[in-house]
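Chain and residue survey
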Amino acid sequence: LGRNYIYVYSNSSMTIQATLNSFQSNDVEFKWTINKNGVIDYSIIDLSTTDETKFIVGAYKLLPGNQYDFNVAVKSSMSSTYSVASISAYVMYGDVIPVLAGGSN
């Protein structure tokens, strides 16, 4: 099996959701890690998120031309059972569109 990839633009926001199939939702711990081009990157972590099952990335948090790997480890606090999942996002360059405001003839 290979890694899951998505392609995004830096002006896109996204939510990554961890779903629970074999765990009770009240006895699990989530640990998210993010790698940018293979190096751990904590700069995009949204500390305001209270739902541990979700990882929210705001628009313009990801830099074009880079690959980000989002990894989540889910561990049961009642047993030693755990599961891991990951997805990679490649951030594409978008068109630059200038916006002019004000001025006169």
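Reading guide: rules and limits
- Numbering of residues starts from 1 in each chain and follows the order in which that chain's sequence is written.
- Local features in this predicted model are restricted to residues of pLDDT 70 or higher, and side-chain atom pairs are both shown and tallied only at a pLDDT of 80 or more, whereas totals for entire chains, interfaces and linings draw on every residue.
- Heavy atoms throughout the structure, all of them, feed into the side-chain values; hydrogens and water do not.
- Secondary structure elements are taken from DSSP: a helix is a run of H or I of four residues or more, a strand is a run of E of two residues or more, and numbering for both begins at the N terminus.
- The buried label goes to any residue with under 20% of its type's maximum accessible area, the exposed label to any with over 50%, and the partly exposed label to all in between, with areas taken from a 1.4 Å probe on protein chains only.
- Residues are treated as being in contact if the distance between any of their heavy atoms lies within 4.5 Å.
- DSSP-based pairing: two strands are paired if at least 2 bridges between them are found.
- Think of it this way: a Phe, Tyr or Trp ring, Trp meaning its six-membered ring, pairs with another when their centres are within 6.5 Å, and the plane angle makes it stacked under 30 degrees, edge-to-face over 60, tilted otherwise.
- As used in this structure description, the phrase polar contact means that two N or O atoms lie within 3.5 Å; if the pair is within protein, one of them must be able to donate a hydrogen and the other to accept it, and residues adjacent in sequence are counted only when both atoms belong to side chains.
- In this text, buried Ala, Val, Leu, Ile, Met, Phe, Trp, Tyr and Cys residues form a nonpolar core when linked through side-chain atoms within 4.5 Å.
- A score from 0 to 100, pLDDT tells how confident the predictor is in each residue.

Digging into the environment of Q17
Here Q17 lies in strand β2 (residues 14–17). A relative accessible area of 41% places Q17 in the partly exposed class. Between the alpha carbons of Q17 and D51 there is a distance of 9.7 Å; along the sequence they are 34 residues apart. Apart from the residues lying within four places of it in its own chain, the contact partners of Q17 are T53 and K54.

What about the sheet that holds strand β3 (residues 28–36)?
Strand order in this open sheet of 5 strands is β1-β7-β6-β3-β4, and the pairing throughout is mixed. Of all strands in the sheet, those with a lone pairing partner are β1 (5–9) and β4 (39–40), marking the two edges. Note that β3 and strand β6 (residues 67–76) share 9 bridges and pair antiparallel. Pairing of K31 across the sheet is with A73, part of β6.

Brief notes about the packing of aromatic side chains
What describes a pair of aromatic rings is the distance from one ring centre to the other and the angle between the planes of the rings. Counting across every chain of the model gives 3 aromatic pairs. Centroid distance F55 to F70: 5.6 Å. Interplanar angle 55°. Geometry classified as tilted. Taken together, the residues span a long stretch of sequence, with F55 in strand β5 (residues 54–57) and F70 in strand β6 at a distance of 15 residues. As far as burial versus exposure is concerned, F55 and F70 are alike and both buried. An aromatic cluster is defined as three or more aromatic residues linked by ring pairs; in this entry it consists of W32, F55 and F70.

A short note on the side chain of S88
Following the sequence through the fold, S88 ends up in strand β7 (residues 82–92). Among the polar contacts listed, one links the side chain of S88 to the side chain of D69, at a separation of 2.5 Å.

Remarks on the nonpolar core
Side chains of a nonpolar character, in soluble globular proteins, are inclined to be buried together. M14, F30, W32, F55, L62, Y68 and F70 are the most contacted members of the largest nonpolar core, which totals 18 residues. Elements that contribute at least two residues to this core include exactly β2, β3, β5, β6 and β7.

Overview of unusual backbone geometry
Positive phi is not limited to glycine here, since N37 has a value of about 55°. Positionally, N37 belongs in the loop between β3 and β4. Taking the relative accessible area as the measure of exposure, N37 reaches 47% and is therefore partly exposed. One non-glycine residue, Y60, adopts positive backbone phi at about 70°.

Some thoughts on the confidence of the model for the protein
Overall, the predicted model of the protein reaches an average pLDDT of 83, with 87% of residues at or above 70. Here β2 stands out as the element of the protein with the lowest mean pLDDT, 86, in contrast to β4, whose mean of 93 is the highest.

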